[in-house]
Amino acid sequence: TSGTQPETVNPGALDHFAISAIASPQTAGTAITGITLTAQDANNNTLNTGPSLFTGTVTFGGTAGITGASPAFTAGQLTGVSVTPITAGAGKTLTVTASGKSGSQTFDVNPGALDHFAFAAIGTQTAGTAFPITITAEDANNNTVASFGGTVNLTTTAGTITPTPSSGFSSGVLAGYNVTVTQSGPGKTITATDAGGSGKTGTSGTFTVSPGPASKLAFTTEPSGGTGGIAWTTQPAVALQDQFGNTVTGT
């Protein structure tokens, strides 16, 4: 003998958010679309009715660099969500948070297409003396484009630079590549341009180049006049210079 009595059971209080599966890999700078977010209680019931009905919004976060906030949920759920990761790497996360409760989904993010080249800082150098530079191929969000294995042409505001083009990048990085420049002075830069013809470039921060060792004397002002017994109308001036014609001071 049995009996039944129908009753309504409302979901419990908000405990967490469920995020629909996100395929791997995604691409930095490219939107991930069609995500569904669901507000759930501790027993994974959707908060779609009763006192715990969730119609609020969530804040985006996580290690994939996704930021912002969602539109309002409808009956505990939000469909068709679009977010854009900007940080490349394995095991990146999207998190959503509201009222101290959260949810997370993990996926891989590949870097985007080559956008520019970034230089490591360059300290004070000496004209005619080789020094190492490190250049990284990066996407628009400054992720290393590990697939780039090409070369770059180098130019500089410090006279001439050799050798150029560079040797090939390894996993998107040209590390410790030795170059030589010829012109001394402050505020010098080096620019790298993709030798493969993509038109992508990057310029270093400014650095100072000191003159090389003294190697010659040179007139900086030539004398003029030339009549015996009569003083020159322009007096000569002589400077101590390195091999590239940079004035060597303090010697």
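Note that the coordinates shown come from a computational prediction; the quantities given were computed from them, not determined experimentally.

Calculation criteria
- Residues numbered from 1 in each chain as written.
- Predicted model: local features only at pLDDT ≥ 70, side-chain atom pairs only at ≥ 80, totals over all residues.
- Heavy atoms only, no water.
- Helix = DSSP H or I, 4+ residues; strand = E, 2+ residues; numbered from the N terminus.

Undergrad: Got a sec to walk through unusual backbone geometry? Specific residues and values, please.
TA: That bond from Thr162 to Pro163 is cis: its omega, -5°, falls within 30 degrees of zero. For Pro163, the location among the structural elements is in the loop between strand 12 (161-162) and strand 13 (173-181). At the junction of Thr164 and Pro165, the peptide bond is cis and its omega measures out at 5° in the coordinates. Of note, Pro165 is situated in the loop between strand 12 and strand 13. Its identity as a non-glycine residue notwithstanding, Asn44 has a phi of 65°, on the positive side. Following the sequence through the fold, Asn44 ends up in the loop between strand 3 (32-40) and strand 4 (59-61). Residues other than glycine seldom take positive phi values, yet Ala75 does so here, at roughly 50°. Within the secondary structure, Ala75 is located in the loop between strand 4 and strand 5 (77-83).

Distances and angles like these do not, on their own, reveal function.
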